[in-house]
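# Chains, contacts and geometry: an overview
Next come the chains, spelled out residue by residue.
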Amino acid sequence: MLCLIAAETAIFVIFIVAYLFYAGKSLAGPTTAILHLPVFFTVCLLSSSLTIHTAVKSLSSGNGRAFAFWWLVTIVLGASFLVGTAFEWRHLIRDEGLTIRTNLFGTTYYSLVGLHAFHVTVGLLALAAVSLFAFFGKVGKAHAGHVDVLSLYWHFVDVVWVVVLTVVYGIGR
């Protein structure tokens, strides 16, 4: 997992550098001024790091019911974040006319935020698979280490969002 996270970090660094390099270079069309800080959905995603940590601790102590509950809360929080991203994109495309083809800002914005959304989606699919196994009683205290490895990926996705949020909604404006 650490090797995957290292490789993914390199990919995100490339996308972030591209975003920063091209920020403000669009000669026509919408710019970063149309973005609205996604506070609620950011709180949802960042809170999911706490809930997944609590889930892993619950499983480590042998409390399968608490694990299943906190794991499911993590999925709901992550899915809420994706819904927020979808709402933002809908607004940007429909109301502001910003698509991936509009200008450099649109290309770099959708590429970077889309890459992150893809990682959240992959994480949610993995979390859902574990949740399904837990539902059928196939996840127990002996699996806590394996589940903790998956939680590392989820924490990575959250940390990346802090960086993306800072770059896109702060520095890159």
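Reading the values: rules and limits
- Residues numbered from 1 in each chain as written.
- Predicted model: local features only at pLDDT ≥ 70, side-chain atom pairs only at ≥ 80, totals over all residues.
- Heavy atoms only, no water.
- Phe/Tyr/Trp six-rings, centres within 6.5 Å; stacked < 30°, edge-to-face > 60°.
- Buried < 20%, exposed > 50% of the residue type's maximum accessible area, 1.4 Å probe, protein only.
- Core = buried A, V, L, I, M, F, W, Y, C linked by side-chain atoms within 4.5 Å.
- Helix = DSSP H or I, 4+ residues; strand = E, 2+ residues; numbered from the N terminus.
- Contact = heavy atoms within 4.5 Å.
- Axes fitted to C-alpha atoms, helices over the stretch in contact; angles between N-to-C directions.
- Parallel < 35°, antiparallel > 145°, perpendicular 65-115°, else oblique.
- Left-handed = near helix turned anticlockwise from the far one by under 90°.
- Nonpolar A, V, L, I, M, F, W, Y, C, P; charged D, E, K, R; others polar.

Taken as a whole and assessed by the stated rule, the structure comprises 13 aromatic pairs. When the centroid spacing of 5.2 Å and the interplanar angle of 80 degrees are considered together, the rings of F40 and F41 count as edge-to-face. Consider the rings of F135 and F136, whose centres lie 5.2 Å apart with planes at 80 degrees: the pair is edge-to-face. Among the residues examined, F135 registers a relative accessible area of 67% and is labelled exposed. Judged by its relative accessible area of 56%, F136 falls in the exposed class.

Moving on, we get to the nonpolar core. Of all hydrophobic cores here, the largest spans 43 residues; its most connected members are F67, W71, Y109, L127, V147 and V168. Mapped by element, the contributors of at least two residues to this core are α1 (2-22), α2 (39-60), α3 (64-94), α4 (104-135) and α5 (144-171). Counting residues per element, this core draws most heavily on α5, at 14 residues. Those residues in contact with Y109 that sit more than four places away from it in its chain are Y19, L35, E88, W89, L92, G114, V168 and Y169.

This part is about the packing of α3 against α4. Relative to each other, α3 and α4 sit at 155 degrees, their axes nearing to 10 Å. Judged by the inter-axis angle, α3 sits roughly antiparallel to α4. Here α3 runs over α4; the crossing is left-handed. Residue classes in the contact of α3 with α4 are distributed as 19 nonpolar, seven polar and one charged.

Further remarks concern the environment of Y110. Structurally, the position occupied by Y110 is in helix α4. Sequence separation between Y110 and W89 is 21 residues; the distance between their C-alpha atoms is 8.6 Å.

In short, the description is geometric, and any link to function would need to be established separately.
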